[in-house]
Amino acid sequence: MLFWFSRTFPGTVKKALFRKVKKLLRNNGSEPEGGVAQADVKKHFLPKYNPWDQRICLVLDGDLFHAINSGSVSVVTDHIGQFTREGIALKSGRHLDADIVVTATGLNIDVFSGI
């Protein structure tokens, strides 16, 4: 249903998803230490493409947003230049230190368990 609705009414779905993300990242006027300021929500969480033009990352229990609001994680939107011994060199010239990098570049799904 979400896929069909997204393809039929992409603007409506995009607005609804973004409104929900903004609500989940609302910090009662305060910016979390290391988290996402409200001014940056659009930069990090509003893609230029419509839902299902690329895959949607569902955060069913909101734990990602809770972690961002707590200040225990930060969000970076950039392009990877290369991986280094210490982490990731971004194309912007910034370097992110990382002990571990988890990539999520693909999804294999068996719709209706192959029925």
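Structural data are supplied above this passage.
The structure displayed is predicted, hence computed values, not measured ones. (Residues numbered from 1 in each chain as written. Predicted model: local features only at pLDDT ≥ 70, side-chain atom pairs only at ≥ 80, totals over all residues. Heavy atoms only, no water.)

**Points about the overall build of the chain**
Then, in step 1: Regarding its fold elements, the chain presents four helices and three strands.
Then, in step 2: Tracing the chain from N to C terminus, the helices and strands come up as α-α-α-α-β-β-β.
Then, in step 3: Counting across all 115 residues of the chain, residues that qualify as buried make up 17%.
Then, in step 4: Long-range pairs, those at least 24 residues apart, make up 47% of the contacts in the chain between residues at least 6 apart in sequence.
Then, in step 5: Just so you have it, the chain exposes about 9,300 Å², and 55% of that area is on carbon and sulfur atoms. (Helix = DSSP H or I, 4+ residues; strand = E, 2+ residues; numbered from the N terminus. Buried < 20%, exposed > 50% of the residue type's maximum accessible area, 1.4 Å probe, protein only. Contact = heavy atoms within 4.5 Å. Areas by Shrake-Rupley, 256 points an atom, 1.4 Å probe, with all protein chains shown as cover.)

**Digging into the sheet that holds strand β1 (residues 80–83)**
Then, in step 1: The strand order across the open sheet built from three strands is β1-β2-β3, with neighbouring strands paired in antiparallel fashion. Bordering the open sheet on either side are β1 and β3 (95–97), each of which pairs with just one other strand. Each strand axis lies, on average, 25° off the axis of its neighbour in the sheet, ignoring direction.
Then, in step 2: Summarising the sheet, β1 and strand β2 (residues 87–90) pair through three bridges and their orientation is antiparallel. Looking across to β2, one finds that Ile80 is bridged to Leu90. (Pairing = 2+ DSSP bridges. Axes fitted to C-alpha atoms, helices over the stretch in contact; angles between N-to-C directions.)

**Digging into the layout of surface pockets**
Space left empty within the atom packing is revealed by a probe, the size of a water molecule, rolled over the atoms.
Then, in step 1: Taken as a whole, the largest pocket holds about 2,400 Å³ of empty space.
Then, in step 2: Those elements giving two or more residues to the lining of the largest pocket turn out to be α2 (10–24), α3 (38–45), α4 (63–70), β2 and β3.
Then, in step 3: If one sorts the elements of the lining of the largest pocket by residue count, α2 sits on top with six residues.
Then, in step 4: Each residue belonging to the lining of the largest pocket can be placed in one class, and the counts come to 32 nonpolar, nine polar and nine charged. (1 Å grid on protein atoms, 1.4 Å probe; cavity = no way out; pocket = protein on both sides within 12 Å on 5 of 7 lines; lining within 4 Å. Points joined across faces, edges and corners; volume = space filled by probe spheres on them. Nonpolar A, V, L, I, M, F, W, Y, C, P; charged D, E, K, R; others polar.)

**Quick notes on the environment of Ile56**
Then, in step 1: Here Ile56 shows up in the loop between α3 and α4.
Then, in step 2: On the basis of relative accessible area, Ile56 is assigned to the partly exposed category, the value being 22%.
Then, in step 3: Put simply, Ile56 and Phe3 are 53 residues apart on the chain and 9.7 Å apart in space, counted from C-alpha to C-alpha.
Then, in step 4: The contact partners of Ile56, leaving out residues within four places of it in the chain, are Leu17 and Pro51.

**Regarding α2**
Residues spaced three or four apart along an α-helix point in a common direction, a consequence of the helix completing one turn every 3.6 residues.
Then, in step 1: Here α2 is 15 residues long and its end C-alpha atoms lie 21 Å apart, about the 21 Å a rise of 1.5 Å per residue gives.
Then, in step 2: For α2, every residue scored as buried is listed here: Val13, Phe18 and Val21. The arc that holds every buried residue of α2, seen down its axis, measures 125°, which confines them to one face. Of the exposed residues in α2, those oriented more than 90 degrees away from the buried face are Lys15, Arg19 and Lys23. (Expected span 1.5 Å × (residues − 1). Arc of directions from axis to C-beta.)

**Here we look at the side chain of Ser6**
Then, in step 1: Locating Ser6 in the fold gives a position in helix α1 (residues 2–8).
Then, in step 2: A relative accessible area of 1% means that Ser6 is categorised as buried.
Then, in step 3: Leaving out residues up to four positions away in the same chain, Ser6 has contacts with Val13, Pro51 and Trp52.

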